[in-house]
Amino acid sequence: DAKTTQPTSMDCAEGRAANLPCNHSTISGNEYVYWYRQIHSQGPQYIIHGLKNNETNEMASLIITEDRKSSTLILPHATLRDTAVYYCIAGTASKLTFGTGTRLQVTL
Amino acid sequence: GAVVSQHPSWVICKSGTSVKIECRSLDFQATTMFWYRQFPKQSLMLMATSNEGSKATYEQGVEKDKFLINHASLTLSTLTVTSAHPEDSSFYICSASGRASYGYTFGSGTRLTVV
């Protein structure tokens, strides 16, 4: 899996959009970008994934740069329940390697 | 859809005993399941890849004789921590590759405490 770099922590006001960046400059052509989040003492929850096109689902949007070296996860209207550690992973179906993630704190 | 059930959610055992953790895919068949371990305030570390009907593939540094993995059916994988010691106390999480639209689905984790 390609190495990913994420900020250690971020804050976001409730109701505002949370934009979480991720660098994956060594990503190879067959590796997807996956985003998961982990709320304290629970298993990770799948959010979204993509290969090179931007993706959107009911939880979030994923913006991947044209050169695929970085991406941004967007939570359009963050709530307190979105407080979690967010993991960006560049990998294939064979296995997922987790980095340290970004701890997102949503505040009132 | 794409639900993975993990049992038990927590367990306390005495040092030297063995503990079995189950991971089930409830509504899909999973030819491959993954086992992770997570220590407090750390990220998830992949321990092994469990393949239905064949031997598991262990990551470097993970003792295969200590962490026994069995994937006897397309919906069940088990992790047995043998001769557990306090340093094995951790949060163990399984995941399964399901339908592509859901990515990987994770279980809720098992908190193991060895006393």
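Relevant structure appears above.
Heads up: these notes are all about the structure in this document. Source: prediction; values computed, not measured.

1. Examining the nonpolar core
So, step 1. Counting residues in hydrophobic clusters, the biggest one holds 25 residues, and the most contacted among them are Trp-35, Phe-67, Leu-79, Tyr-92 and Leu-112 of chain B.
So, step 2. Only strand 2 (10-13), strand 3 (19-25), strand 4 (32-38), strand 5 (45-51), strand 7 (67-73), strand 8 (76-81), strand 9 (90-97) and strand 11 (110-114) of chain B provide two or more residues apiece to this core.
So, step 3. Listed in part, the 22 residues of the second largest apolar core include Ala-18, Leu-75, Tyr-86 and Val-106 of chain A.

2. Some remarks on the pattern of salt bridges
Residue and element names in this part refer to chain B.
So, step 1. Summed over all chains, the structure comprises three salt bridges over all chains.
So, step 2. Measuring nitrogen to oxygen at the nearest pair gives 3.5 Å for the salt bridge that ties Arg-24 to Glu-22.
So, step 3. Owing to a relative accessible area of 35%, Arg-24 belongs among the partly exposed residues under this scheme.
So, step 4. Owing to a relative accessible area of 25%, Glu-22 belongs among the partly exposed residues under this scheme.
So, step 5. The closest approach of N and O atoms between Asp-88 and Lys-66, which form a salt bridge, is 2.8 Å.

3. Quick look at the interface of chain B and chain A
One frequent convention defines the size of an interface as the accessible area lost when the parts assemble.
So, step 1. Of the residues lining the interface, 19 residues belong to chain B; the matching set on chain A comes to 18 residues.
So, step 2. Here chain B and chain A share an interface that buries about 1,300 Å² over both sides, 54% of which is from carbon and sulfur atoms.
So, step 3. Connecting chain B to chain A are zero salt bridges.
So, step 4. Those elements that provide at least two residues to the side of chain B that touches chain A are strand 4, strand 9 and strand 10 (104-106) of chain B.
So, step 5. Counting residues per element, the side of chain B that touches chain A draws most heavily on strand 4 of chain B, which supplies three residues.
So, step 6. Broken down by class, the residue content of the side of chain B that touches chain A amounts to 10 nonpolar, seven polar and two charged.

4. Comments concerning the state of the cysteines
Here a disulfide denotes a covalent bond joining the sulfur atom of one cysteine to the sulfur atom of another.
So, step 1. Throughout the structure, instances matching the rule amount to two disulfides over all chains.
So, step 2. Linked covalently through their sulfurs, Cys-22 of chain A and Cys-88 of chain A form a disulfide whose S-S length is 2.1 Å. An S-S torsion of about -80° defines the bridge between Cys-22 of chain A and Cys-88 of chain A as left-handed. Of this pair, Cys-22 of chain A sits in strand 2 (residues 18-23) while Cys-88 of chain A sits in strand 8 (residues 84-91); the two residues are 66 residues apart in sequence, bridging distant segments of the chain.
So, step 3. When its relative accessible area of 1% is taken as the criterion, Cys-22 of chain A is described as buried.
So, step 4. Two residues, Cys-23 of chain B and Cys-94 of chain B, share a disulfide whose sulfurs are 2.0 Å apart. Residues Cys-23 of chain B and Cys-94 of chain B are joined through a disulfide that is right-handed, its torsion about the S-S bond being 80°. Pair noted here: Cys-23 of chain B is in strand 3 and Cys-94 of chain B is in strand 9, with a separation of 71 residues, a long-range link. Note on accessibility: Cys-23 of chain B and Cys-94 of chain B belong to one class, buried.
So, step 5. The thiol of Cys-12 of chain A is not disulfide-bonded; the next cysteine sulfur, from Cys-22 of chain A, is found 18 Å away.

5. Examining the layout of surface pockets
So, step 1. Considered as a void within the structure, the largest pocket measures approximately 550 Å³ in volume.
So, step 2. Residue lining of the largest pocket: 23 residues in total, with Val-85 and Arg-103 of chain A together with Gln-38, Lys-41 and Gln-42 of chain B positioned closest to the centre.
So, step 3. Within the residue set of the lining of the largest pocket, elements represented by two or more residues are strand 8 and strand 9 (102-107) of chain A.
So, step 4. For the lining of the largest pocket, the class distribution of residues is eight nonpolar, 12 polar and three charged.

The rules behind each value
Along each chain, the written sequence defines residue order, and numbers are assigned to residues from 1. As a convention, the first chain written is A and the first ligand written is 1, with the rest following in written order. At least 70 in pLDDT is required for a residue's local features to be given in this predicted model, at least 80 for side-chain atom pairs to be given and counted, and no such filter applies to totals for whole chains, interfaces and linings, which use all residues. Side-chain metrics rest on all non-hydrogen atoms present in the structure, leaving aside hydrogens and water. Buried Ala, Val, Leu, Ile, Met, Phe, Trp, Tyr and Cys residues form a nonpolar core when they are joined through side-chain atoms within 4.5 Å. Exposure is judged per residue with a 1.4 Å probe applied to protein chains only, and the accessible area is read against the type maximum: over 50% gives exposed, under 20% gives buried, and values in between give partly exposed. Strands here are runs of E lasting at least two residues and helices are runs of H or I lasting at least four, both read from the DSSP assignment and numbered beginning at the N terminus. A carboxyl oxygen of Asp or Glu within 4 Å of a side-chain nitrogen of Lys or Arg is what we treat as a salt bridge. Contacts were defined at the residue level, with two residues in contact if any of their heavy atoms lie within 4.5 Å. Reported buried area values correspond to the accessible surface (1.4 Å probe) lost by two parts on association, with both partners' losses combined. Residues are grouped as follows: Ala, Val, Leu, Ile, Met, Phe, Trp, Tyr, Cys and Pro are nonpolar; Asp, Glu, Lys and Arg are charged; every other residue, Gly included, is polar. What counts as a disulfide here is a pair of cysteine sulfur atoms lying within 2.5 Å. Cavities and pockets are found on a 1 Å grid laid over the protein atoms alone: a cavity is a set of points where a 1.4 Å probe fits but cannot escape, a pocket is an open set with protein on both sides within 12 Å along at least five of seven lines, and a lining residue has an atom within 4 Å of such a point. Grid points are joined across faces, edges and corners, and a volume is the space filled by probe spheres set on the points.

These values are about where atoms sit, not about what they do.
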